[in-house]
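# Examining the three-dimensional arrangement
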Amino acid sequence: MKRIIALCLILVITIGMVTVSASPAGTQGDPIVSRRHLEGAFSDTLRSDITTSMEGAASTAMSRLDVLYLSAAGYTFTRRFTPVSLASSGTISLGPGSSFILTSGEAWLSVGRGTVVNISTGSISATGTTLVANQRYFSTEDTAVIITARSAATGLVDGFFNTDGVATPPPPPDPSNILPFSDVPTTAWFRNAVEFVFHNDIFTGTTPTTFSPNTPMTRGMFVTVLHRLDGRPDAGSESGNMFSDVTHPSTFYFDAVMWANTNGIVTGFADGTFRPNASVTREQMAAIMYRYAEFSGEDMSAASSTFDAFPDVNTVSGFATDAMRWAVSWEIIRGSGGMLNPRNTATRAEVAQIILNYTQAIDA
């Protein structure tokens, strides 16, 4: 009897083992995940799932891209704002990702699909919206919009567009003419000098849109210009004997005057002042430039004949005679109306020209 019972137990255990071994690894029937399962069925299934997911995402992305380009078919594309003129009842259609700015006249928009956003206000513009001048209306993804002029109108468009009006793409800008200053015309005698000092970060404007070429140059401004020309070096720990009227580090010229004084480029006046707000004279400018060139290791030779040819050489102060002779010899200072005018002040335009003359002389 005992033998029969033992045989029965062995049979039950054997059937259970067969059942468990028939269950997939990692399931309730076989909770132990084998290495063979991980490297085999599990990894293969995971790769398949990832491939299917990625292929689906790529297919979706390509389909959306096709829709974008198909929706822009037949449209003109401009990378920057292009002026456009519309007659009364004239239209301009915007493709996805395009925008329009009304600059004159009256117009309204009709949204065929999608969303138009007024970027200037952050609001959504629905069909029938009257455009506000100088505000930017943006056609978002999968959007089509038509803008209709109520009267003769003008505007600026960028991106994909189609119009029954007249679009005039602006000519590409000439890099040599790019200046933000309204008071520096292309025909001005100092135009090239201002371009040089501005693009080399030697001068800044007096405002974002003005250079003020006829404004007198102060001594503080002039030394600041030389400091920038030299790459804005640190004066170091030895600041030299500073001046009684240059004591506030917050002033724009403080670091420049400290650097120039430390290196013997400026000496100041007998009373211990520098007078940073006083207009710099032509002979003072020549003296400072002379010391700067000497500090920089430039050729300091000078021909007296050019200097002596000016009728007012006797009006040059003693401290500036050698400097003025050098500056005239190298054509850094070229005189004005046949005169040196050493005691006259210099304007911002004149200083810009002198800086350009100096750089051209030392590079020759």
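A brief report on the enclosed structure follows. (Residues numbered from 1 in each chain as written. Predicted model: local features only at pLDDT ≥ 70, side-chain atom pairs only at ≥ 80, totals over all residues. Heavy atoms only, no water.)

## So, the packing of helix H6 (residues 282-295) against helix H9 (residues 348-363)
Heads up, the rule is: The axes are straight lines fitted to the C-alpha atoms, using for helices just the contacting stretch, and the angles between their N-to-C directions are given from 0 to 180°. Numbering of helices and strands runs from the N terminus, with a helix taken as a DSSP run of H or I at least four residues long and a strand as a DSSP run of E at least two residues long. An angle below 35 degrees is treated as roughly parallel, one above 145 as roughly antiparallel, one from 65 to 115 as roughly perpendicular, and anything else as oblique. Crossing handedness is defined as follows: a turn of the near helix away from the far one that is anticlockwise and smaller than a right angle gives a left-handed crossing, while the clockwise case is right-handed. In this description, contact between two residues means that some pair of their heavy atoms is separated by no more than 4.5 Å. Any residue outside Ala, Val, Leu, Ile, Met, Phe, Trp, Tyr, Cys, Pro, Asp, Glu, Lys and Arg is labelled polar, Gly included; the first ten of those are nonpolar and the last four are charged.
Packing of H6 against H9 brings their axes to within 13 Å, and their N-to-C directions diverge by 30°. Judged by the angle between their axes, H6 and H9 are roughly parallel. As H6 runs across H9, the sense of the crossing is right-handed. Where H6 approaches H9, its residues Met285, Met289, Tyr292 and Ala293 are matched on the opposing element by Val351, Ile354, Ile355 and Tyr358. Looking at the contact of H6 with H9 residue by residue, the classes come out as 8 nonpolar, no polar and no charged.

## A word on unusual backbone geometry
Rule in force here: Only protein chains enter the accessibility calculation, which uses a 1.4 Å probe; a residue whose area is less than 20% of its type maximum is buried, one above 50% is exposed, and one in between is partly exposed.
The phi angle at Glu331 is positive, at roughly 60°, despite the residue not being glycine. If you trace the backbone, Glu331 turns up in the loop between helix H8 (321-329) and H9. Given a relative accessible area of 47%, Glu331 falls into the partly exposed group. Despite not being glycine, Asn341 has its phi angle at roughly 50°, a positive value. One can find Asn341 in the loop between H8 and H9.

## Things to note about the packing of aromatic side chains
Definition in use: Two aromatic rings from Phe, Tyr or Trp, using only the six-membered ring of Trp, form a pair when their centres are within 6.5 Å; if the ring planes differ by under 30 degrees the pair is stacked, by over 60 it is edge-to-face, and anything between is tilted.
Inspection of every chain in the model, using the stated rule, returns 11 aromatic pairs. Centroid distance Trp189 to Phe190: 5.2 Å. Interplanar angle 90°. Geometry classified as edge-to-face. On the basis of relative accessible area, Phe190 is assigned to the buried category, the value being 8%. Ring centres 6.2 Å apart and planes at 65° place the aromatic pair Trp259 and Tyr292 in the edge-to-face group.

## Regarding the pairing of strand S7 (residues 136-139)
Our working definition: Paired strands are those between which DSSP finds at least two bridges.
Only one face of S7 is buried: it carries Tyr137 and Ser139, and the other face, with Arg136 and Phe138, is open. Strand direction decides the pairing type here: strand S3 (residues 99-104) and S7, joined by 3 bridges, are antiparallel. Bridging from a neighbouring strand, Phe100 pairs with Tyr137 of S7. Of the pairings in the sheet, the one linking strand S5 (residues 116-118) to S7 comprises 3 bridges and is antiparallel in character. Bridging from a neighbouring strand, Asn118 pairs with Tyr137 of S7.

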